[in-house]
Every structure is written in structure tokens, then in C-alpha cells.
Amino acid sequence: MPTPRTRKLWLAVSAGTFALLLVAVTVGFRRPPVETPVAQVGELDPTSQPIQFPHDTHAGQFTMSCQYCHFSAERSVDAGIPPVSLCIGCHLEGIVGGRTEQAQAEIGKLRSYYAAGTPIPWKRIYKASDHVHFPHMRHVAAGVTCQTCHGEVQEMGVLEVVAPEAGDLRMGWCVSCHLERGVSRDCTVCHY
Ligand code: HEC
Ligand code: HEC
Ligand code: HEC
Ligand code: HEC
Ligand code: HEC
């Protein structure tokens, strides 16, 4: 039988765990953990991505919409990188395997990640400091196109080049567009 003392202790511990969980859930919800290393702007070596993923083939030649893959952009803070399961719908054995030897090798890597059940460790390219709040959905809802900030991604092969005007994510870049479009420039809108 638990004594009142141990019951109190248990209550305190579970309340503590619950609070921690709540923090984990809210923090996790706002920003999914990014454990992959962040590439420095302009320093990304195209061969440093685990798979040479061509945006021009998918979003250009095959005119796939950006949000087919970055589907959370319109409803969440983060645009998100698609999971392997979304790719494999087209790249399963026997479906799109690639025409060239190089394409086949890259698609082969994709299938290996899928078979192993491991996420692809993509290197993050655009990343604002932790004290900055950037909500994708607000910008998408206001009709600011992806290209305004990320450049003509549908014409890029491996995303080795970051659009210079946006790439360094400086405060002046954000603030000048907010000024132009009459959006709030309150410090607390962008800073935690
Ligand atoms: C077939 C799925 C797919 C489509 C369609 C697609 N993307 Fe991507 N996108 C990815 C994947 C996978 C990555 C991660 C690999 C990389 O960085 O190239 C990525 C990365 C990115 C990044 C860099 C993310 C970072 O690490 O900071 C941006 C920006 C981006 N995509 C924008 C776009 C835009 C804009 C379009 C439409 C013109 C688009 N994407 C269409 C799959 C896709
Ligand atoms: C709607 C179908 C579709 C989806 C979804 C899709 N792809 Fe593709 N992918 C293609 C087609 C079509 C090709 C062109 C194949 C060719 O040229 O032989 C291709 C080519 C490729 C290639 C070969 C490189 C090259 O130069 O052609 C890689 C690597 C690749 N895709 C990775 C991915 C990844 C990673 C994802 C998920 C983020 C993805 N694909 C999602 C249809 C798709
Ligand atoms: C107003 C500028 C702006 C617009 C418009 C915009 N982005 Fe972004 N994007 C950013 C910034 C800034 C970051 C870095 C955010 C961070 O680190 O919190 C980013 C990060 C990303 C990332 C990295 C992964 C992630 O989850 O954040 C992807 C992928 C991406 N954007 C894709 C897109 C796509 C696709 C669109 C269009 C639907 C789009 N972005 C529209 C500025 C923009
Ligand atoms: C090309 C123009 C443009 C750029 C660049 C831009 N924004 Fe915005 N931003 C907008 C627009 C338009 C809205 C939507 C205002 C609305 O919903 O009425 C917005 C809304 C926001 C909001 C929500 C404002 C609110 O009142 O709650 C935040 C936060 C924000 N932006 C942060 C940023 C940050 C951080 C950057 C730079 C990394 C940035 N923005 C870059 C145009 C831009
Ligand atoms: C529209 C969004 C936005 C607004 C409004 C904004 N900031 Fe920033 N701020 C940023 C971004 C983006 C950065 C750069 C973060 C980075 O380097 O990744 C930044 C950086 C900073 C830094 C750190 C400087 C540095 O070199 O990293 C300080 C301090 C700062 N802001 C203070 C303010 C103050 C004070 C205000 C109000 C007068 C303000 N900010 C309003 C987006 C904003």
C-alpha cells in the first residue's frame, strides 16, 4: 500500500513529467527537431547531400507543385521536407528507376533508405536563428510565392546555390518587405 508520503511524491513526479511532456509537445510542435547539420550559405557542396535530388526534374520538367512535397507550408510554421514514403510512391522498384546510370544510382540510394526504414539525413539549407520566428503559413496565405524568397527553385538541379537576396536571412530583408507591404515590424512579431 502506498503511504500518503509516497503518493504525494508520485503526484509531484507525475505532475513534473506531465509539465515536461507539455513543454516537449509544444516545443516539438512549433519546431520539429532538426538534427542534421546546417550548411553555411554559399558553402553548400552539391555532393554533400545524401542523395542528389534534382528540383528541376520534379518541379520543372514534371511540373510537380512545390506543396505536393512541402505540404505543410500552407498550414504550419515549417515548410517541411517530405518523408521517404512520399518519394517511394513513384520510385518503388519497377516504377520510376531513372534513365541514366547516375539517376539509377541516386534512386538506388533512395530505395535503400526506404528498405532500411531510416529517414534521409538531408542537410538543412535555410535556417533562421533560434530567436527568430518565421511562420510559412502566414506568408503563403498572403500570396507571397516560394520563389520570392527561395529563387527559381524549379530551374535548379541540386539546390547548391541559395538565392543570395534571401539566403542569409538577414533582418533587413524581412523588415524591408514588411515595410513595403504594410506588415507589422514589432520586434515581438519576429523575436521570441
Ligand atoms: C518531389 C518533391 C519535391 C518537390 C516537388 C519540391 N521539393 Fe523542395 N525539397 C525536396 C527535398 C527532398 C528537399 C531536401 C533536399 C534538398 O535540399 O535539395 C527539398 C529542399 C527544398 C528547399 C531547401 C530546404 C532547406 O534545407 O532549407 C527549398 C527552399 C525548397 N525545397 C523549395 C521548393 C520549391 C520552391 C519548390 C517548387 C518550385 C519545391 N521545393 C518542390 C522535395 C521537393
Ligand atoms: C510524382 C512522381 C515522383 C515523386 C513523388 C518523386 N519523384 Fe523523383 N523522379 C520522378 C521522375 C519522373 C524522375 C525522372 C526519371 C528519369 O528521368 O528517368 C525522377 C527522378 C529522380 C531522381 C534521379 C535523378 C535525376 O537526375 O533524374 C532522384 C534522385 C529522385 N527522383 C529522387 C526523389 C526523391 C528524393 C523524392 C521524394 C522527395 C522523389 N524523387 C519523389 C518522379 C517522382
Ligand atoms: C517570405 C519568405 C519565404 C517564403 C514566401 C517561403 N519561404 Fe521557405 N523559408 C523561408 C525562411 C526565412 C526559412 C528559414 C525558416 C526557419 O529557419 O525558421 C525557410 C525555410 C524553408 C524550408 C526548410 C525546411 C523548413 O521546414 O523550414 C523549406 C523546405 C522551404 N522554406 C520551402 C518553401 C516553400 C515550398 C515555399 C512556398 C510554398 C516557401 N518556402 C515560401 C522564407 C520563405
Ligand atoms: C517578400 C515579403 C516578405 C518577406 C521577405 C518576409 N515577410 Fe514576413 N510577412 C509578409 C507578409 C505579406 C505577411 C502577412 C501579413 C498578414 O498575414 O496579413 C507576413 C507576416 C509575417 C509574420 C506574422 C505577422 C503577424 O502580424 O503576426 C511574421 C512573424 C513574419 N512575417 C516574419 C518574417 C521574418 C522573420 C522574415 C525574414 C526571415 C519575413 N517575415 C520575411 C511578407 C514578407
Ligand atoms: C520581420 C521580422 C523581424 C522584425 C520585425 C525584427 N527582427 Fe530582429 N531579426 C530578424 C532576423 C531574421 C534576424 C537575423 C537572425 C539570423 O541571423 O538568423 C534578426 C536579428 C536580430 C538581432 C540579432 C542581431 C544579429 O546579428 O543576429 C537583434 C538584436 C534583433 N534582431 C533585434 C530586433 C529589434 C530590437 C527589433 C524591433 C525594433 C527587431 N529585431 C525586429 C527579424 C526581425
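Along each chain, residues carry numbers from 1 onward, in the same order as the chain's sequence is written. Chains and ligands are labelled sequentially in the order written, the chains with letters from A and the ligands with numbers from 1. The predicted origin of the model limits local features to residues at a pLDDT of at least 70 and limits the giving and counting of side-chain atom pairs to 80 or more, whereas totals for whole chains, interfaces and linings rest on all residues.

A. Structural view of the overall build of the protein. Helix and strand assignments follow DSSP, with helices taken as H or I runs no shorter than four residues and strands as E runs no shorter than two, numbered in order from the N terminus. Within the protein, the secondary structure is distributed over 10 helices and 0 strands. Starting at the N terminus, the α and β elements of the protein follow one another as α-α-α-α-α-α-α-α-α-α. We call a residue exposed when 12 or fewer other C-beta atoms sit within 10 Å of its C-beta, buried when the count reaches 20 or more, and partly exposed for counts in between; the C-beta positions come from the backbone. Residues classed as buried in the protein amount to 5% of the 192 residues present. The contact rule is simple: place each C-beta atom from the backbone, and if two of them lie within 7 Å, those residues are in contact. Within the protein, contacts between residues at least 6 apart in sequence are counted, and of these 69% link residues at least 24 apart.

B. Up close: the site of ligand 1. All residues are tested the same way: a C-beta atom is placed from the backbone, and lying within 6 Å of a molecule or strand makes the residue near it. Close to ligand 1 lie 21 residues, the nearest being C66, C69, I125, Y126 and C146. Elements supplying a minimum of two residues to the shell around ligand 1: α2 (55–61), α3 (66–69) and α7 (146–150). Gly is put with the polar residues, along with every residue not named as nonpolar or charged; the nonpolar set is Ala, Val, Leu, Ile, Met, Phe, Trp, Tyr, Cys and Pro, and the charged set is Asp, Glu, Lys and Arg. Among the residues forming the shell around ligand 1, the class breakdown is 14 nonpolar, 6 polar and 1 charged.

C. Main features of the site of ligand 4. Neighbouring ligand 4 are 21 residues; A142, C174, C177, S184 and C190 lie closest to it. If you list the elements that add at least two residues to the shell around ligand 4, you get α6 (136–141), α7, α9 (171–180) and α10 (187–190). By residue number, the principal contributor to the shell around ligand 4 is α9, which donates 4 residues. Of the residues contributing to the shell around ligand 4, the split by class is 14 nonpolar, 5 polar and 2 charged.

D. How the structure looks around α9. Burial within α9 is sparse, with just 0 of its 10 residues counted as buried. Phi turns positive, to about 65°, at G182, one or two residues after α9.

E. Looking closely at the environment of Y126. If you trace the backbone, Y126 turns up in the loop between α5 (101–116) and α6. Exposure remark for Y126: the 18 C-beta atoms within 10 Å place this residue in the partly exposed category. Between the alpha carbons of Y126 and L169 there is a distance of 7.9 Å; along the sequence they are 43 residues apart.

F. Local environment of the confidence of the model for the protein. In this model, the protein carries an average pLDDT of 79, and 71% of its residues clear a pLDDT of 70 or more. No element of the protein has a lower mean pLDDT than helix α1 (residues 4–30), at 38, and none a higher one than α6, at 97. One confidence number per residue, pLDDT, is output by the predictor and ranges from 0 to 100. A low-confidence stretch, residues 1–42 (pLDDT under 50), is modelled with 22 contacts involving residues beyond four sequence positions or located in other chains.

G. Representation of the packing of helix α4 (residues 84–91) against α5 within the structure. Lines fitted to C-alpha atoms define the axes, with helix axes restricted to the stretch in contact, and inter-axis angles between N-to-C directions lie between 0 and 180 degrees. Running from amino to carboxyl end, α4 crosses α5 at an angle of 125°, the nearest separation of the two axes being 10 Å. Taken together, the axes of α4 and α5 are oblique relative to one another. In terms of crossing hand, the pair formed by α4 and α5 is left-handed. Contact residues: V84, C87, I88 and H91 in α4; I107, L110, R111, Y113 and Y114 in α5. Broken down by class, the residue content of the contact of α4 with α5 amounts to 7 nonpolar, 1 polar and 1 charged. Roughly parallel means an angle under 35 degrees; roughly antiparallel, over 145; roughly perpendicular, 65 to 115; everything else is oblique. The sense of a crossing depends on the near helix, which, turned anticlockwise from the far helix by less than a right angle, makes the crossing left-handed and, turned clockwise, makes it right-handed.

H. Main features of unusual backbone geometry. At T63, a residue that is not glycine, the phi angle is positive and equals roughly 45°. When the 8 C-beta atoms within 10 Å are taken as the criterion, T63 is described as exposed.

I. Highlighting the environment of C174. The topology assignment puts C174 in helix α9. Considering only alpha carbons, one finds C174 and F134, 40 residues apart in sequence, at a separation of 9.8 Å.

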